[in-house]
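A structural walkthrough
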Amino acid sequence: MSNKRKRVLVKFSGEALAGENGFGIENSILKYIASEIKSLVNENVEVGIVIGGGNIIRGVSAARDGLIKRTSGDHMGMLATVINSIAMQEALESAGLDVRVQSAIQMEAFCETYIMRRAHRHLEKGRIVIFACGTGNPYFTTDTAATLRAIEIQADMIIKATKVDGIYNKDPKKFDDAIMLNELSYERALHDNIKVMDDTAIALAKDNALPIVVCNMFKEGNLLKIIQGDMSLCSIVKN
């Protein structure tokens, strides 16, 4: 690696934490992710993390029948991301790493309140920063929150860690002839409605020239290979 320290933001879904259970948090998954993140820190990479909350509750789903307002549903989803962030903090600390959770919504008993300059300082000191509660606003996804935080901390890239190898022209689980797209532009992702992230997140990345890398988080060593420049096992969205 070059002498310049790299800084990345890793985004993964809450569902990933549930494993085969489909709900809740699987400790073995936490340990695996902690090990993958540790491999980055050991290579002097500064790491931010955003985790979704879908393994506990999704705002859109909670508000589906109208009993719960969408705003309240999204607030519930934000709280789910705090639960996941605290769990991830514990796993990372168990692996011997220094971690801070910062929330977009003030909850001092559990974690720090998000302050951009403080986040920069933590990263410069080699601490991992987990950003919870999305943007702090309803109607915005954790994809958009991850992109926003990546831009604010001046990350070199955002890595969306998923269960598939990269971006496909259609769902590879449903179509045997799905083709993986190793590289595509922001414009194509938006125009062709390729669901790399939601449109707001892609547009934000485009406006700030932030590369979006999509990879399979369950292939051991994948994150480190990407940081080291090996893009053969992932897809990238950029200008």
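What you see is a predicted model; the values in this text were computed from it and never measured. (Residues numbered from 1 in each chain as written. Predicted model: local features only at pLDDT ≥ 70, side-chain atom pairs only at ≥ 80, totals over all residues. Heavy atoms only, no water.)

1. Considering the nonpolar core
Counting residues in hydrophobic clusters, the biggest one holds 43 residues, and the most contacted among them are Phe-12, Met-88 and Leu-92. It is helix H2 (residues 27–41) that provides the largest number of residues to this core, a total of 7 residues. Excluding its chain neighbours within four sequence positions, the residues that come into contact with Met-88 are Phe-12, Leu-30, Ile-33, Ala-34, Ile-51 and Ile-130. Formed by 27 residues, the second largest nonpolar core is a distinct cluster that contains Val-50, Val-129, Tyr-186 and Val-237. (Core = buried A, V, L, I, M, F, W, Y, C linked by side-chain atoms within 4.5 Å. Buried < 20%, exposed > 50% of the residue type's maximum accessible area, 1.4 Å probe, protein only. Helix = DSSP H or I, 4+ residues; strand = E, 2+ residues; numbered from the N terminus. Contact = heavy atoms within 4.5 Å.)

2. A closer look at the side chain of Thr-144
By the secondary structure assignment, Thr-144 is in helix H6 (residues 142–152). With relative accessibility at 5%, the residue Thr-144 sits in the buried group. Beyond its immediate chain neighbours, meaning those up to four positions away, Thr-144 contacts Asp-198, Thr-200, Ala-201 and Leu-204.

3. Observations regarding the packing of aromatic side chains
Enumeration over the complete set of coordinates arrives at 2 aromatic pairs. The interplanar angle of 80 degrees and the centroid separation of 5.7 Å between the aromatic rings of Tyr-114 and Phe-131 together place this pair among those described as edge-to-face. Here Tyr-114, found in the loop between strand S4 (112–113) and helix H5 (116–124), pairs with Phe-131, found in strand S5 (residues 128–132); they are 17 residues apart in sequence, far enough to count as distant. According to the relative accessible area criterion, Tyr-114 is buried, its value standing at 15%. Given the relative accessible area of 2%, Phe-131 is considered buried. Directly above the ring of Phe-175 sits Lys-170, whose terminal nitrogen or CZ lies 5.2 Å from the centroid. (Phe/Tyr/Trp six-rings, centres within 6.5 Å; stacked < 30°, edge-to-face > 60°. Lys NZ or Arg CZ within 6 Å of the ring centre and 35° of its normal.)

4. Regarding the UniProt feature "binding site: UMP" (unreviewed entry) in the protein
The feature "binding site: UMP" (unreviewed entry), as annotated in UniProt, sits at Gly-53, Asp-74, Thr-135, Gly-136, Asn-137, Pro-138, Tyr-139, Phe-140, Thr-141 and Thr-142 in this numbering. Note that Gly-53 resides in the loop between strand S2 (46–51) and helix H3 (59–62). The class of Gly-53 is buried, set by a relative accessible area of 10%. In contact with Gly-53, other than residues within four places in its own chain, are Gly-14, Ala-80, Thr-81 and Asn-84. As for its placement among the helices and strands, Thr-135 is situated in the loop between S5 and H6. For Thr-135, a relative accessible area of 16% puts it in the buried group. Leave out the neighbours within four places in its chain, and Thr-135 touches Ala-104, Phe-140, Ala-145, Leu-148 and Arg-149. (UniProt positions renumbered as here; feature names shortened; annotations may be inferred.)

5. What to know about the pairing of strand S6 (residues 157–162)
Burial within S6 is extensive, with 6 of its 6 residues counted as buried. Of the two faces of S6, both are covered, the one formed by Met-157, Ile-159 and Ala-161 as well as the one formed by Ile-158, Lys-160 and Thr-162. Bridge count between S6 and strand S10 (residues 212–216): 5 bridges; the pairing is parallel. Considered in S10, the bridge of Thr-162 is made with Asn-216. (Pairing = 2+ DSSP bridges.)

6. Quick word on helix H4 (residues 70–94)
The end-to-end C-alpha distance of H4 is 36 Å, a good match for the 36 Å that 25 residues give at a rise of 1.5 Å each. Backbone geometry just after H4 places Gly-96 at a positive phi near 90 degrees. (Expected span 1.5 Å × (residues − 1).)

7. Some details on the environment of Asp-165
If you trace the backbone, Asp-165 turns up in the loop between S6 and strand S7 (167–168). Sequence separation between Asp-165 and Cys-215 is 50 residues; the distance between their C-alpha atoms is 4.9 Å. Apart from the residues lying within four places of it in its own chain, the contact partners of Asp-165 are Met-180, Val-214, Cys-215, Asn-216, Lys-219, Leu-233, Cys-234 and Ser-235. A polar atom in the side chain of Asp-165 sits 3.5 Å from the side chain of Asn-216. At a separation of 3.1 Å, a polar atom in the side chain of Asp-165 contacts the side chain of Lys-219. (Polar contact = N/O pair within 3.5 Å; in protein donor to acceptor, adjacent residues only side chain to side chain.)

8. Structural notes on the packing of H6 against helix H8 (residues 199–207)
Running from amino to carboxyl end, H6 crosses H8 at an angle of 15 degrees, the nearest separation of the two axes being 8 Å. It follows from the interaxial angle that H6 and H8 lie roughly parallel. Judged by the twist between their axes, the crossing of H6 over H8 is left-handed. Every residue of H8 that contacts H6 at Asp-143, Thr-144, Thr-147, Leu-148 and Ile-151 is listed here: Thr-200, Ala-201, Leu-204 and Ala-205. (Axes fitted to C-alpha atoms, helices over the stretch in contact; angles between N-to-C directions. Parallel < 35°, antiparallel > 145°, perpendicular 65-115°, else oblique. Left-handed = near helix turned anticlockwise from the far one by under 90°.)

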